Amino acid sequence: MPTYLGIDLGTSGVRGVLIDDGLQILAHAARPYPGPITEATAWLGGIEQLTAPLIQQSPAGWRALTAISIDGTSATLLPCDTQGAPLGSALLYSDQRAQEEATWLAREWPAGDAALGAASSLSKLLWLRRHDPHYPRLRYLHHQADWVAAQLTGLFGQADRGNLLKLGLDGARLSYPPALLGLLKIADVDPALLPHALREGEDYGTVRPDWARRLQIPVHTVVRAGCTDSVAAAIAVGLHSPGQALSSLGSTLAIKVVHTRPYAGKGLYSHYLGRHTLVGAASNSGGAALLRHFSRSQMEAMSAALKPATPSGLLLYPLPSTGERYPLNTPRWPGSSIPPLAADVRFQALLEGLSYIEAWCYATLEEQQIAIIGAIHSTGGGTANSPWMQMRANILGKPVQVIAHGDPAFGSALLAASTDLGGLETLPTRQPAEAQGFLPETTATSQYREYYHQFREHFEALSTHE
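Residues numbered from 1 in each chain as written. Predicted model: local features only at pLDDT ≥ 70, side-chain atom pairs only at ≥ 80, totals over all residues. Heavy atoms only, no water.

A.B. asks: Could you give me a rundown of the overall build of the chain, with the residues and numbers involved?
C.D. replies: Per the secondary structure count, the chain includes 15 helices and 17 strands. Taken against the 2.2 N^0.38 rule, which gives 23 Å for 466 residues, the C-alpha radius of gyration of the chain at 21 Å falls within 12% of a compact globule. Principal axes of the C-alpha set define a box for the chain whose edges measure 60 × 55 × 40 Å. Counting over 466 residues, the chain shows a buried share of 59%. Contacts spanning at least 24 positions in sequence make up 70% of the contacts within the chain whose residues lie at least 6 apart. Total accessible area on the chain is roughly 17800 Å²; 52% of this is exposed by carbon and sulfur atoms. Considering the chain, the positive charge centre built from 34 side chains and the negative charge centre built from 39 side chains are found 2 Å apart. (Helix = DSSP H or I, 4+ residues; strand = E, 2+ residues; numbered from the N terminus. Rg over C-alpha atoms; globule rule 2.2 N^0.38 Å. Buried < 20%, exposed > 50% of the residue type's maximum accessible area, 1.4 Å probe, protein only. Contact = heavy atoms within 4.5 Å. Areas by Shrake-Rupley, 256 points an atom, 1.4 Å probe, with all protein chains shown as cover. Lys, Arg positive; Asp, Glu negative; His and termini not counted. Charge placed at Lys NZ, Arg CZ, Asp CG, Glu CD.)

What follows is the structure in structure tokens.
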């Protein structure tokens, strides 16, 4: 019985899910990073710490491991030397230091789509060229998922196409556009630094013997090209039909809608999902913005007092730090100033703000003729807050489904298995459809709609999206 391991390098820690060839979960575990998320050694350390609990839950399954796939945060960029060793800390997905480089890119290559913006991998590469004293030693550019895959296999300089979109890759052609290569020449950046692109699920390489011993896995285990964390979540919930939508409610908010063809522009871009695409974007707002104001235990205690059907009337746009990328493009804006309200009122208003942002994100897709059909599938830590899920349904005006198996690590495990089972298109029919549903309430939706329009009108003028 072959088994498959999915690893999720998330914003707060590492998760692992082991499945069999019937796509049933045999073991799952989660661990915090044993160091700062900016330090790549913590990514590997977290994976090593998953080994014991996974083996304990399914020793036979662990011995039968056939393939591994890894997902990670999009645009978390790690510069490496000729040996694949990090040249310092990673530049995180939300890092906004490349402001000047992003401005230059937007002027010189307005068709750059996902590669534009201060948080993009391409902007970060240009920043490294100008400011990093280690740049002369730079040989490989890696993102979270592919750097770990490279360490496990000893094969550097390749990556899945989803993680390369923000570096400028043309995902359909698996090549870098001539316009990008021309820009790199102007910026005195060697195009040889750009990783070779693999399709998601394609074999990356075989695990090195030393890592096989450390992880106690078979020496023939294959590492398969992974994806970003939000794409892994989409695979986990079984998105496969045009119009299906997913919101990932983690430290940040990411939305994805299955579409028949790639779309780019207006701050949107497309990932790839089998024979379809996932059109979407990500906001910097999310759970990390809430943690600026409340602890997790405080939020759990206040959740029961939320009033999902009664708008507060407040319009707050919470951000965890300076800069927003979608639906606004405001690199230097710190978000709303939060008035000194009672804790429960402030909590309600902040959750309303997150929901208005989400509604705005989906509205921009619909304005581009990208249909959204049925319920909004929802995953991530935020889904544990049932009153907020009802509030989201009321503000979105659409049913919300909280998926029981929406863990990105499960999606990565499915991706690892898909190569042997006929491709991603065959998987949805085999997956359990377990979900908790929340339906919009007509009166509440009508009341929230007025405040949503005020929210969008109030903040829209800040955006520099064209």
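A.B. asks: Go over the environment of Gly 35 with me, naming the residues and quoting the values.
C.D. replies: You can see Gly 35 is positioned in the loop between strand 3 (25–32) and helix 1 (40–57). Once the C-alpha coordinates of Gly 35 and Gly 13 are considered, the two residues, 22 residues apart in sequence, prove to be 9.8 Å apart.

A.B. asks: I'd love a proper account of the side chain of Ser 303, names of residues and values included.
C.D. replies: Checked against the element boundaries, Ser 303 lands in helix 11 (residues 296–303). Judged by its relative accessible area of 10%, Ser 303 is buried. A distance of 2.7 Å separates the side chain of Ser 303 from the backbone oxygen of Met 299, its partner in a polar contact. If we skip the residues at most four places from it in the chain, Ser 303 touches Phe 347, Asn 385 and Pro 387. (Polar contact = N/O pair within 3.5 Å; in protein donor to acceptor, adjacent residues only side chain to side chain.)

A.B. asks: Tell me about the nonpolar core, and name the residues and values.
C.D. replies: In terms of nonpolar packing, the biggest core is built from 49 residues, with Tyr 317, Leu 351 and Tyr 362 touching the most fellow members. Mapped onto this core, the elements with two or more residues apiece are strand 11 (245–249), strand 12 (253–259), strand 14 (276–283), helix 11, helix 12 (343–367), helix 13 (386–396), strand 16 (400–403) and helix 15 (442–460). Considering every element that reaches this core, the biggest residue donor is helix 12, with 13 residues. Counting residues in each nonpolar core, the second largest holds 43 residues, with Leu 5, Ile 7, Tyr 140 and Trp 147 among its members. (Core = buried A, V, L, I, M, F, W, Y, C linked by side-chain atoms within 4.5 Å.)

A.B. asks: Explain the packing of aromatic side chains to me, and be specific about the residues and the numbers.
C.D. replies: According to the stated counting rule, one finds eleven aromatic pairs in the structure shown. Ring geometry for Phe 294 and Phe 347: centres 5.6 Å apart, planes at 75 degrees, overall edge-to-face. Here Phe 294, found in the loop between helix 10 (287–290) and helix 11, pairs with Phe 347, found in helix 12; they are 53 residues apart in sequence, far enough to count as distant. A relative accessible area of 1% means that Phe 347 is categorised as buried. Ring centres of Tyr 317 and Trp 333 lie 5.2 Å apart, and the angle between their planes is 70 degrees; this geometry places the pair in the edge-to-face category. With a gap of 16 residues between them, Tyr 317 in the loop between helix 11 and helix 12 and Trp 333 in the loop between helix 11 and helix 12 connect regions that are remote in the sequence. An identical accessibility class is assigned to Tyr 317 and Trp 333; each is buried. For Arg 97, the ring lying beneath its charged end belongs to Trp 127, and the centroid distance is 4.7 Å. The ring of Trp 211 is capped by Arg 214, whose NZ or CZ atom sits 3.9 Å from the centre of that ring. (Phe/Tyr/Trp six-rings, centres within 6.5 Å; stacked < 30°, edge-to-face > 60°. Lys NZ or Arg CZ within 6 Å of the ring centre and 35° of its normal.)

A.B. asks: Break down the pairing of strand 14 for me, citing the residues and quoting the values.
C.D. replies: Most of strand 14 is tucked away: eight of the eight residues are buried. On strand 14, burial covers both faces: His 276, Leu 278, Gly 280 and Ala 282 on one face and Thr 277, Val 279, Ala 281 and Ser 283 on the other are all buried. Alignment of strand 12 against strand 14, held across seven bridges, turns out to be antiparallel. Bridge assignment links His 259 to a residue of strand 14, and that residue is Thr 277. (Pairing = 2+ DSSP bridges.)

A.B. asks: Would you mind going over the packing of helix 9 (residues 229–236) against helix 14 (residues 408–418) in detail, with residue names and values included?
C.D. replies: Close contact between helix 9 and helix 14 brings their axes to 7 Å; oriented N to C, the two are set at 75 degrees. Between helix 9 and helix 14, the interaxial angle falls into the category roughly perpendicular. Touching Asp 229, Ala 232, Ala 233, Ile 235 and Ala 236 of helix 9 are Pro 408, Phe 410, Gly 411, Ser 412, Leu 414 and Leu 415, all from helix 14. Partitioning the contact of helix 9 with helix 14 into residue classes produces eight nonpolar, two polar and one charged. (Axes fitted to C-alpha atoms, helices over the stretch in contact; angles between N-to-C directions. Parallel < 35°, antiparallel > 145°, perpendicular 65-115°, else oblique. Nonpolar A, V, L, I, M, F, W, Y, C, P; charged D, E, K, R; others polar.)

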